[in-house]
Structure formats: C-alpha cells, structure tokens
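Architecture at a glance
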Amino acid sequence: MTPRIQAIDALEILDSRGNPTLRVNVHLDNGITGTSSVPSGASTGENEAVELRDGDAARYGGKGVLKALANVNDTIAPALAGCDPRQQAQIDQAMIDLDGTENKARLGANAILGVSQAVARAAAQSCGLPLYAYLGGVGAVHLPVPMMNVLNGGKHADSGMDFQEFMIFPIGAPSFAEALRYGAETFHALKTILAAKGYATGVGDEGGFAPQVKSNDEACELIVEAIVAAGYRPGEDIAIALDPAASSFYEEGQYRLSRSGQGDKNAEEMTEIFKAWVNKYPIVSIEDGHAENDWEGFKGMTAALGDKIQIVGDDLLVTNTKFIARAIGEHACNAVLIKLNQIGTVTETIAAIQLCRNAGWGIVISHRSGETEDSFMADFAVAMGGGQIKTGSACRSERIAKYNRLLEIERELGAAARFGR
C-alpha cells in the first residue's frame, strides 16, 4: 500500500544559541511520523537561501519564526496532503514552485527544509530503512572523517583570533570510532594546556575553546602542542583544518586582521600567509580563506596551494549548483562545504553534491553554529559518501548527537563500514 502524507505541522523550538527555530512533523496515513529540526547559521553567505524571521522586536528580539511556522501549517501542508513521501524530488520541487522566488524568501528556507527533511525521515521509516540507507542505497557504507572545531574565533567567539575555526582532523585513524577518540583526547589535552598557560577554557558556539590568544599563529601552535601531548603525530595521525571565514573581516577590498594586530592584507597577501602556514603547520584544508565575492582571491589561492591542500568553498558556493558550476569552470576551489539549509531542500543539496563529485572535488557535510540535537546530517553524510563532516567540537550535546549517531551507524554497518576521505 502506498503511504500518503496525511498532515504536516510545525513547532517553534530553540536552537543551541537559545534562538527560535522550527521543528516539523510529517504524519503519514500509515501511522508513521517523520520529524526534523532546522539549524541556523551566524556566519552566513549573502547568497544563501533566506531564513525567514518574524522581525517582531517584542518576541525573541525579532528572531521568532511564527511566519515560517504558519507557512508550513497553512500553505505547505495543504499543498502536500496526499503526496507519496517517497517522491522526494517531486515534493521538494512542489515547495520550490509554491515559494516562487529564487532564494525561498516567500515561504522561508527554514520552513521548506524542515518539511523536506521530515518527509525523507517519514519515507525512510515507511520503507523500514535507516535514513542513511534510504537516501544512499546499498552503497551507503562510508563513514566521514570528522573536522573537530577546537579553537573558536571570529563571529563564533569573543576571542583573540581573527579566524573563525581551528579544527583537528584525525586523518590517520582507522575507523570513525577511533577518529572520534583521537579528537576527544586531543581536545582534552588542549584544555589542560590552555589552563596551564592561564587561558580561559570556556567554549564558543560550536564547542571549541575561545581563549584570548596572542595571535592566529599561536592558535596553530597550541593545537600542535595538544596533538603531541595526546600521544599523536601531527600531520600523520591528526592534521589541522582551518575556516578563517574571511568574509567576516573583509572590508573595502582589504582583509582586516585587527584582532591579531596583523593589519590589513590584500588577497595576494592572504594567500602568502596561508602558504607560509602550510609549510609551517600540518594544515591540509582551508575553508573560505578569501571573502565570498573575492573570486580572484580564491582562484589565486587554488593555483598556489590546490595541489597541496584542500581549498574549500562555503560562502562562495552556498551549496548552490550555479556558483559551484562557476567555481569548477574557473578552478576557484577543489572542495565544497555542504549545508542543507544554505539551499533549502534535500534534493537540491544532493544535486550540488553530485556536481562536485563529478568534478572530483572533496565534499564536507557541515552543521551550522546554531544547531539542534537532530542528527539528520550524520545520516546524510553517510548516504552521500562525502568522506568528511564538520559538526563541532567534542562537547555540547547538539554536536555530540551527530557523533554518537555516526558511532551507531558504524556499528550497524559492521564489517561493511568504510572510513576515510
């Protein structure tokens, strides 16, 4: 018997920063309910799909999502009633058409994505499959290598670092479970080192520490020290991945490294900084080393370093096939950051991944700084076989929920599980 969507409803909940977001329930006529919650970013690209907020200063400082909630309940739900939840592409396209804007500004990407993900969950349950197997098929056996954010700067923390994320990347681990152990042990070693040096050990939005370090360089030095203290080999067992989020300190054509006191830099000078760092530290991946509209900066960096490390586009590409196709043609990157809520549907996200895979790019499935305990992205990463995942540090339950789900999947797959980039 073909399952049908009977009802859809949304609830305003809080994300990990205490701001409102949506939880969507898709109820089928066979008694199954698929549920999903939507994350929210702080460092967002200007070309991302629109996250609809109420703008009512009397509620949550204008950040309420009652308009998006109403769009789910009053507009999307009636339009999808009676649909087969297994027809993901048709359902997602129906919502895109219903919205009618290029960037989902009418209904809100948060409303549309909540429904899209909940539909996928309901369909998977109807088929008696775990979400990763439903979305990825029999070949969904690849566990991603985690990029674990251990030092926060930029918009994610009030620290002394211009750059937003300094991550440990356990590339030498033999399994996901071991990679998580490598990362957790290094995270705790870093905490001990920071405390011994008199630095604060409070954490930022994504669970990384946010000390008032003296420079961006010191952040890398501290991480190398922690890797060694935890008993691992820098660059072999554990490497470093960076997300400077350069758009956040780009003004009037200059990269203003004011927190670290390095002054203003142009695109070429930023690339020179990264070249020196790659030679000095075990860095294997740099995301958003230039601003979202600095295509020449990205191309210059890829030409200079693309044969040595992964150059990841996030704000530049916003999980959008239009920008990804341009970047492939112009050799602006060699890897992509994938965020479901940047584009707003499961189907469009899969299309972006397929385009990057065809180009031979690296693929990193990513969370947002404002998260929930929904582990959809963990299953999605396995389904897509991306090889890499960013979901925060080794603390904060909204981050750990994704790691724990990946542990479950690895155990479930047993001998069939594969691990690595």
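Residues numbered from 1 in each chain as written. Predicted model: local features only at pLDDT ≥ 70, side-chain atom pairs only at ≥ 80, totals over all residues. Heavy atoms only, no water.

This part is about the sheet that holds strand 12 (residues 310-313). Read around the closed barrel, eight strands run 5-6-7-11-12-13-14-15, paired in mixed fashion. Neighbouring strand axes in the sheet, compared pairwise and without regard to direction, differ in orientation by 25° on average. Both strand 6 (residues 165-169) and strand 7 (residues 239-243) contribute to a ladder of five bridges, which runs antiparallel. Note that in strand 7 the partner of Met-167 across the bridge is Ala-241. Against the sheet, helix 7 (residues 267-280) contacts strand 6, strand 7 and strand 11 (283-287), and its axis sits at roughly 155° relative to strand 11. (Pairing = 2+ DSSP bridges. Helix = DSSP H or I, 4+ residues; strand = E, 2+ residues; numbered from the N terminus. Axes fitted to C-alpha atoms, helices over the stretch in contact; angles between N-to-C directions. Contact = heavy atoms within 4.5 Å.)

Here the focus is the nonpolar core. Counting residues in hydrophobic clusters, the biggest one holds 134 residues, and the most contacted among them are Phe-166 and Phe-380. Broken down by element, this core gets its largest block of residues, ten residues, from helix 3 (residues 109-126). Summarising the domain contributions, this core has at least three residues from each of domain 1 (5-128) and domain 2 (136-419). Dropping the residues within four chain positions of it, Phe-380 is found in contact with Leu-135, Ile-338, Leu-340, Val-346, Thr-349, Ile-350, Ile-353 and Ile-365. (Core = buried A, V, L, I, M, F, W, Y, C linked by side-chain atoms within 4.5 Å. Buried < 20%, exposed > 50% of the residue type's maximum accessible area, 1.4 Å probe, protein only. Domains from an automatic or database assignment.)

The final tally for this structure, using the stated rule, is two cavities of 30 Å³ or more. Surrounding the largest cavity, 15 residues form its lining, Pro-39, Gln-117, Leu-340, Glu-371 and Met-377 being those nearest its centre. In terms of residue class, the lining of the largest cavity is built from five nonpolar, five polar and five charged. Two domains each put at least three residues into the lining of the largest cavity: domain 1 (5-128) and domain 2 (136-419). (1 Å grid on protein atoms, 1.4 Å probe; cavity = no way out; pocket = protein on both sides within 12 Å on 5 of 7 lines; lining within 4 Å. Points joined across faces, edges and corners; volume = space filled by probe spheres on them. Nonpolar A, V, L, I, M, F, W, Y, C, P; charged D, E, K, R; others polar.)

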